[in-house]
Every structure is written in C-alpha cells, then in structure tokens.
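Breakdown of the fold
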Amino acid sequence: MTDDNLILLLTNKKNYLEKNKNYLSYFPLNPLDNNPNNIKAVQYKIPEREQIYKRYDFCESLYNEMIKEFSEKLNHIHKENYSIRAWDLMIGSWLKGYIQFSYKNYLNLSSIISNYKINTAFISDYKKYDFTIPGTLSFDLAKVDVDWNLCFCSKLFEYFYSEKIKINYHTPSYFKLKNKHLSFENNRLFFRLLSSFSKIFRTNNEAFISRTYLPFKEEKKLEMYFKQLPSFYSEIKISPERVNINLRKMFTYQTDSKKPSVENFIKINLKNFIPLSFIENFKIIKKISKSKMFPQNPKFIFTSSLYSADDTFKLYAASQIMKNKPYYIGQHGNNYFSKIHANYLSELKHCDSFFSWGFQKEPKIKKFFNFKILNRQVSHDKNGKLLIIFDHLGTTFNNDLVFNPQEFLKNILDILSVIKNLNKDIKNKTILRLNMSFYKKIFGIKYIKFFENLEVSIDNGKKNINKLIKEARLCLFTYDSTGFLENTLNDVPSIFICDKDYINCINDDFREKYNNLINAKIMFNDSMPLINHINSNWEEISSWWSKPEIRKTINDFNQNFNLKPFNGCLKYLKENLKFKNNVS
C-alpha cells in the first residue's frame, strides 16, 4: 500500500470501507482485530525538546489571555465577583486541558496533511453531538472515549480543511458519560457514614484538612494537632442539569481574523465544551459549598488532591481565598518539578504555598517529605515474585502535549514482549498489577484482551498494593511512577521502563538524575536490555540492589526531590500550616 490517495478516517465505523481504496486511521488499530490490509494507522513523530517547550508556552500564553475574559463572563452570568485567581482555581485545570487538547490535535492533523497524501476524509457528523460533560474529571474520561474524541477531531478538521479536502460524513455513536453524575460518589458506606457524622460536629472555624496524601491515621493526627475532631469529607452526588444553549451563547470571543487559526477555533468553540458544573450546575454546587460539609470560616485549607477534579471543593476553596484564607496544596505524586508539563500546572500558581516532597526552587514552594510513606514501612520478599505495575491507560495521553495513543499501545506491546521473554521460572512468579482502565475501552481498545493466555497471575487493582509488594522481590513499573519514589525510600528493589523519547519531557534540572538511572539500569527505554537485566539478575536481585553504585544512584536521585520522613516531621508540617486568628 502506498501513501497515494489515502482516505483519512475520523470515524469509528469501518463497515463501509471499500477494498480497492486505502485508508489512514487517526487512532491505533487493534492488532488483535482482523484489520484489512488497506488500512494503516498514523505514525506521529515525537517532538524535539525545544518544540515541547514551544508547545507549552503557546498554550500558556493563550490561557493567560483567555482566563481574564472568561472570568469576567462567568462572573457576569452568575452575578459573582470572583477574582481571576479564584476562577483559575475553579476552572484553570479544565481550561488549560481544553486548550492543550485542542492544540495537540491541531498539530496532529497538520502533521497528517503534511506527511500523507489525503484526498478525502471520512469524518464523524458532530453537528448534533452533545460534547458537554458534567465536570472536570469527566473531561479526562471523555478524551479517551473514541467517539467523543473523533467527533472533536472531526469538528477541528472541518474547520481547517473543508475547502481543501473532500469530506464524507458518518453518524457517530453518542457519548454516554453526560448522563452520569458530576462527581464520582464514594460507594464505600463506611466513608459516607463518617462524612455525615462529621458534619454534625464540624465547627465553622476549624481547618479544612482532607486528601493530603498523608496516610489516613497521620492525616487525622494532623487535624487533632489543631485541637479539632477528625473530619471525613466525601464527594456529593449531583445530577446534571440540561444544557442551557442561550446561556452558553454568552461565551463568545472576539477573534483576530476570519482566517482559520487554532486560537480562533479554541475561542469560537469554547461554549460547546465548558463543563456543566461551571454553568448550569453552578448554583447548586455553590449551595453545597456553603453547607455544613465545609467549615465556612476555616483557619486554612490543606489538600493534595481535591483541587484537581472535585468541582464542589474548588468552588468552596475559591470562596475562601476571596476572604484571604490561607490555601495550601501538597504534592500528590511523581513528575512535579521533574517533567516539563508540571511547569504549567495551575495549582502551583493559585495556592499560597506548595508543599513538595523535597524540591524547592522558589519561596512559594516549601520542602517537606514524601507524605505517602509517613509511618508506613513496606517490606519485600527477597525470594518473592516479579510484580509488574501498570499505569492507568490514557493518563499520559491526557496529561501532556507530546504522546499519542499510538505510543501507549506500543508501550503495552513492549511490556508484553518483556513478559513473553522472561525465563520460565521468573514468568511463573510474575504478577501483573492492572487497574480498571484495562477492562474498559480506551480509544476503542479493551486492553485486558492483550493479557489473556499469558500464563501469569493478574491482579485487577482491587488488592492492596502494599500486600502485593510484600510478596515481591522486584517491582517493575511500566511508567515513571509515584510508586517508584515510595519504593526507593522503603528500600524495595524497583525499576521502571518508559518510552525512548521520555527523557525529552524532563526538565533540565532533572535530566542528569534520569540519565544516571538509565546508566545504572534502574530506568530503561528499551525492552531488550530490560529483559536481559531481569533474567540475568533474578537470583541475585537483593545483591544487585545493595551494590554501592546502585545505592548512590538512588540516593542522588532522591536528593532534594524525594525525601524520607524524619522524626517530628508531622509537627514540622503543622508549624508551616500558618493561619490568622479567625473572626466570625
């Protein structure tokens, strides 16, 4: 098959394809399917380091331009007076995600037009498609839904290329997430009861401390240091309102010219993608944020995760920073400070202080310790198993401007190659730690199918991860993981593998650290050296892990980045959670 006269597929339906024509799929093809020979998938080039910075700088510049007018419009329709900082807290992560997602797909389509001879495009008929999503978290789920994504790309393609390339329209399947609730309900009855009980005894001027990434007991102990009863916060289930088209028409932007540009596309279509929680459901969410679920005159707010996707919490926190209440955010995982993407995260700007696990380069960032392992020592079995731990599918795609679904399909296939080439005795002792994303369709592919008949044990993500680590002699992470950071501090032999171009995504301050991991065979960017390393060192993993040069590499990597808790560290954290005397 040649690249001549290709038909680009921006639709998920392939039953109408003709045998005598050649097709190009926007998303990867499932190798387990019986794909016809006249279809191939797009191969994207990974951008160089300088290009990565330019991509993020472009999106950041556009965000800074748009958030000002966006804040004014939101204040106007809701009759509010929130500051830009408050709206950045509430909607910043979504708006940045929308801009980056749009720009990334624009670049992908531009690359296709430049590198392939496309004479026709079969696109999804998006005109009656409802793109609206309940809340912030739903946006990440929508982006990995193949039909939602293809409808978005079809809209983008039509905007830029309708006058240059012939287009055929095809009816898409409709995205079902819009009928679900705005936030995921905590289904554990125990925590729902604790949350209800907590409201009874909550006082208005106590500190709001929740989801700090401290172990549960340590978080409750921190609350008691402030002479308050432990509290238990659980997200509220909210039924989404119907889309108000007239209200959304108010979100129109002045565009620079009639000539198509990605900036104009993003501005023109913003109204179609804003989550319901910030328009139609705003009033009910605000009402909940004013309820006894939250202290209304708190000493301060401290969280390490709620700011990301809990829209009710975000509105509550925004209201409190408008009253000058201190707002502290803690680090909640890997890649903060090490990855270029993290340089542009909104939470680093709208908090009063950011509590890192060891990194500090500016006054707002305070150096602490890895919260997750405080008084949580995890052991391992020197004669135990190989535990292979997988990332949530789609996370990398959702969280950067670099990688595409083709890359993580390739990564899955690379890991399968590793498993199949392990020595038999190692393979018999291998456990795969998957997660629920493997049992759902991600870009139209259900990845659990790849792991059938491998003759290895599979954990679906329900078993406590620490129990699995206790049974392991070696942990292999299939990504740059928070778990790797935890394990190195707990002295659990651990290695990880990433894409060969992953190092291009790492900030200058950390490139030497990561290259040292590669040289020490702790980090891998190729499956064959990884296979050889495991097979040749399996019987002496503990000896390899204990070598002075390995210990030095690990210690150097963690230095000023991933620090171990120290005596009195919780009280030290308490002393840095400063507050003004509250006046009701």
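Right, let's get into the overall build of the protein chain. The helix and strand inventory of the protein chain stands at 22 helices and 18 strands. For a compact globule of 584 residues, the expected C-alpha radius of gyration is about 25 Å, and the protein chain comes in at 25 Å, within 12% of that figure. Referenced to the eigenvectors of the C-alpha coordinate spread, the extents of the protein chain come out at roughly 75 × 65 × 45 Å. Taking all 584 residues of the protein chain together, the buried fraction comes to 58%.

Here we take up the packing of aromatic side chains. Evaluation of the coordinates by the stated rule reveals 69 aromatic pairs. Judged by centre distance (5.5 Å) and plane angle (80°), the rings of Y82 and W87 are edge-to-face. Judged on exposure class, the residue Y82 and its partner W87 are both buried. For the pair Y159 and F160, a centre-to-centre distance of 4.9 Å together with 90° between the ring planes defines the contact as edge-to-face. Residue class for Y159 comes out partly exposed when judged on its relative accessible area of 23%. Against the face of Y253 rests K73, its NZ or CZ located 5.8 Å from the ring centre. The ring of F579 has K299 sitting right over it, with the charged end atom 5.8 Å from the ring centre.

Here we take up the sheet that holds strand β4 (residues 118-124). The strand order across the open sheet built from five strands is β3-β2-β1-β4-β5, with neighbouring strands paired in parallel fashion. Whereas interior strands pair on both sides, the edge strands pair on one side only; in this sheet they are β3 (39-41) and β5 (166-170). With strand direction ignored, the average angle separating the axes of adjacent strands in the sheet is 25°. Sheet topology note: the β4/β5 ladder contains five bridges and is parallel. Along β5, the bridge assignment pairs F122 with N168. Sheet strands in contact with helix α4 (residues 146-161) are β1 (6-10), β4 and β5, and its direction is about 135° off that of β4.

Glancing now at the nonpolar core. Across soluble globular proteins, nonpolar side chains have a tendency to be buried as a group. Counting residues in each nonpolar core, the largest one holds 182 residues, and the members touching the most others are W94, F313 and F451. For this core, the element with the highest residue contribution is helix α2 (residues 84-115), accounting for 13 residues. Aside from chain neighbours lying at most four places away, what touches F313 is F208, Y233, F294, I301, T303, L306, Y307 and Y327. Among the nonpolar cores identified, the runner-up in size contains eight residues, and L9, L17, L29 and I39 belong to it.

Counted according to the given criterion, the structure contains 27 salt bridges. Note that K286 and E80 form a salt bridge whose closest N and O atoms lie 2.4 Å from each other. Pair noted here: K286 is in helix α9 (residues 282-289) and E80 is in the loop between α1 (49-78) and α2, with a separation of 206 residues, a long-range link. Given the relative accessible area of 22%, K286 is considered partly exposed. One salt bridge connects R433 with D459, and the closest N-O pair in it is separated by 2.7 Å. Taken together, the residues span a long stretch of sequence, with R433 in strand β12 (residues 430-433) and D459 in strand β15 (residues 457-459) at a distance of 26 residues. Across the pair, D459 and R433 agree in class, each one buried. What emerges from the salt-bridge pattern is a single network uniting E60, K96 and K349.

With that settled, consider the packing of α9 against helix α11 (residues 311-321). In contact at an axis separation of 9 Å, α9 and α11 are set at 70° when each is read in the N-to-C sense. One element, α9, and the other, α11, form an angle in the roughly perpendicular class. Crossing angle aside, the handedness with which α9 passes α11 is right-handed. Contact with α9, carried on its side by F282, I285, K286, I288 and S289, involves D311, T312, L315 and Y316 of α11 and no other residues of that element. Considered class by class, the residues forming the contact of α9 with α11 number five nonpolar, two polar and two charged.

Here strand β8 (residues 327-330) shows a buried face lined by Y327 and I329 and a second buried face lined by Y328 and G330. Across three bridges, the pairing between strand β7 (residues 301-303) and β8 is parallel. By the bridge assignment, T303 is partnered in β8 with I329.

Let's shift gears to the side chain of D88. The topology assignment puts D88 in helix α2. Although buried, D88 forms no salt bridge, and the nearest oppositely charged side chain, K96, lies 5.5 Å from it. A polar side-chain atom of D88 sits 3.3 Å from a polar atom in the side chain of S346. Reaching out from D88, the side chain makes a polar contact with the side chain of H350 at a distance of 3.3 Å. Setting aside residues no more than four positions away along its own chain, D88 makes contact with Y63, S93, S346 and H350.

Glancing now at the sheet that holds β7. The pairing of strands in a sheet comes from backbone hydrogen bonds and takes either a parallel or an antiparallel form. Taken in spatial order, the five strands make up an open sheet running β6-β7-β8-β9-β10, and their pairing is parallel. Every other strand in the sheet has two partners, leaving β6 (208-209) and β10 (365-367) as the edge strands with one partner each. In terms of strand pairing, β6 meets β7 through two bridges, oriented parallel. Looking at the pairing, I209 lines up with F302 of β7. Running over the sheet, α11 touches β6, β7 and β8 and is turned about 145° from β7.

Scoring rules and cut-offs
- Note on numbering: residues in each chain are counted from 1, in written sequence order.
- Thresholds applied to this predicted model are a pLDDT of at least 70 for local features of residues and 80 or more for the giving and counting of side-chain atom pairs; totals over whole chains, interfaces and linings are not thresholded and use all residues.
- Water and hydrogen atoms play no part in the side-chain values, which are based on all heavy atoms of the structure.
- Starting at the N terminus, helices and strands are each numbered in turn, a helix being any DSSP run of H or I of at least four residues and a strand any DSSP run of E of at least two.
- Values of the radius of gyration come from C-alpha atoms, whereas the globule rule sets the reference at 2.2 Å times the count of residues to the power 0.38.
- Each residue is assigned to one of three classes by its accessible area relative to the maximum for its type, calculated with a 1.4 Å probe on protein chains only: buried under 20%, partly exposed between the two thresholds, exposed over 50%.
- What counts as a ring pair is set by centres within 6.5 Å for rings of Phe, Tyr and Trp (its six-membered ring), and what kind of pair is set by the plane angle: stacked under 30 degrees, edge-to-face over 60, tilted for all other angles.
- For a lysine, the NZ atom is tested; for an arginine, the CZ atom; a charge sits over a ring if that atom is within 6 Å of the ring centre and within 35 degrees of the ring normal.
- Following DSSP output, two strands are said to pair if at least two bridges run between them.
- Axes here refer to lines fitted to C-alpha atoms; in helices the fit is confined to the stretch in contact. Angles between the N-to-C directions go from 0 to 180 degrees.
- Whether two residues are in contact is decided by their heavy atoms: any pair within 4.5 Å suffices.
- Note on terminology: a nonpolar core comprises buried Ala, Val, Leu, Ile, Met, Phe, Trp, Tyr and Cys residues joined through side-chain atoms within 4.5 Å.
- Whenever a carboxyl oxygen of Asp or Glu lies within 4 Å of a side-chain nitrogen of Lys or Arg, that contact is scored as a salt bridge.
- Relative orientations are named as follows: roughly parallel for angles under 35 degrees, roughly antiparallel for angles over 145 degrees, roughly perpendicular for angles from 65 to 115 degrees, and oblique for any other angle.
- Rotating anticlockwise by less than a right angle from the far helix to the near helix defines a left-handed crossing, while the corresponding clockwise rotation defines a right-handed one.
- Here the term charged refers only to Asp, Glu, Lys and Arg, the term nonpolar to Ala, Val, Leu, Ile, Met, Phe, Trp, Tyr, Cys and Pro, and the term polar to all other amino acids, Gly among them.
- When charges are counted, neither His nor the chain ends are considered; positive counts come from Lys and Arg and negative counts from Asp and Glu.
- Nitrogen and oxygen atoms within 3.5 Å of one another constitute a polar contact, given that in protein one can donate a hydrogen and the other can accept it, and given that sequence-neighbouring residues count only through two side-chain atoms.

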